[in-house]
Amino acid sequence: MEAVNFVRSWSALWLWMHNLNKSLIGARVNEVYTFRKAQINLHFIKEDHTLKLAWEKQGNQAILTLARQVTLPKRRVKVLGGISRASKILRIRIHAKDRLLRIDFQDDSYLILGFFPTALDIYLCQESALVDSF
């Protein structure tokens, strides 16, 4: 499967939640990095496959990309160091009121991805306390 930009609007995220859940639930975190301003890449390993979830600010919204073909850039900066490599994804939820995507991990931590101007950032929380942000 080639890279697919599937969140250009909030309603598109609702349509792709089944695909996102099917692809990522049970996956383990491998790499979290950035190589370009306003973009973060998360690599997950599920069975023998590596998946890349990329979040990128574009103007006053964000685009989410899911890809199965993964390559690591030579120059990259590791971010969100609080995510454990052993962390597995338990569930993915949408908070419609705030327009947030929440990824819950096995170790009681979670990642919040914002999509619109009121919350256009990424937050890593551990047991309801903010650990890191991007």
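Residues numbered from 1 in each chain as written. Predicted model: local features only at pLDDT ≥ 70, side-chain atom pairs only at ≥ 80, totals over all residues. Heavy atoms only, no water.

1. A word on the confidence of the model for the protein
The share of residues in the protein with pLDDT of 70 or more is 90%, and the mean pLDDT across the chain is 82. pLDDT under 50 marks residues 1–7. Its contacts with residues more than four places away, or in other chains, come to 24 contacts. (pLDDT = per-residue confidence, 0-100. Contact = heavy atoms within 4.5 Å.)

2. Overview of the pairing of strand 3 (residues 39–46)
Of all 8 residues in strand 3, 6 are buried; the element is thus mostly enclosed. Pairing of strand 2 (residues 28–34) with strand 3, which is carried by 5 bridges, proceeds in the antiparallel orientation. Looking at the pairing, Y33 lines up with N41 of strand 3. Taken together, strand 2 and the strand that follows it, strand 3, pair antiparallel across an intervening segment of 4 residues, in which A38 is found at a positive phi of about 70°. Pairing analysis gives 8 bridges linking strand 3 to strand 4 (residues 49–58), with the strands arranged antiparallel. From the neighbouring strand, F44 faces strand 4, where its bridge partner is L51. (Buried < 20%, exposed > 50% of the residue type's maximum accessible area, 1.4 Å probe, protein only. Helix = DSSP H or I, 4+ residues; strand = E, 2+ residues; numbered from the N terminus. Pairing = 2+ DSSP bridges.)

3. Describing unusual backbone geometry
Phi at L80 takes a positive value of approximately 50°, unusual for a residue other than glycine. Along the chain, the position of L80 falls in the loop between strand 6 (77–78) and strand 7 (89–95). Judged by relative accessible area, which is 4%, L80 ranks as buried.

4. Looking at the packing of aromatic side chains
The geometry of two aromatic rings is summed up by the distance between their centres and the angle between their planes. The full count for this structure, using the stated rule, is 1 aromatic pair. Geometry around Y110 places R102 over its ring, the cationic atom sitting 3.7 Å from the centre. (Phe/Tyr/Trp six-rings, centres within 6.5 Å; stacked < 30°, edge-to-face > 60°. Lys NZ or Arg CZ within 6 Å of the ring centre and 35° of its normal.)

5. Let's talk about the pattern of salt bridges
All chains considered together, the criterion is met by 6 salt bridges. For K57, the salt bridge identified is with D121, shortest N-O distance 3.5 Å. Placement of K57 in strand 4 and of D121 in the loop between strand 9 (109–114) and strand 10 (122–126) is noted, with a sequence separation of 64 residues between them. When the shortest N-O distance is used, the salt bridge between R91 and D104 registers 3.1 Å. Of this pair, R91 sits in strand 7 while D104 sits in strand 8 (residues 100–105); the two residues are 13 residues apart in sequence, bridging distant segments of the chain. When its relative accessible area of 40% is taken as the criterion, R91 is described as partly exposed. A relative accessible area of 4% places D104 in the buried class. (Salt bridge = Lys/Arg side-chain N within 4 Å of Asp/Glu carboxyl O.)

6. Some thoughts on the side chain of R102
Topologically, R102 is positioned in strand 8. A polar atom in the side chain of R102 sits 2.6 Å from the side chain of D104. Residue contacts for R102: discarding those within four places in its chain leaves R91, I92, R93, H95, Y110 and L111. (Polar contact = N/O pair within 3.5 Å; in protein donor to acceptor, adjacent residues only side chain to side chain.)

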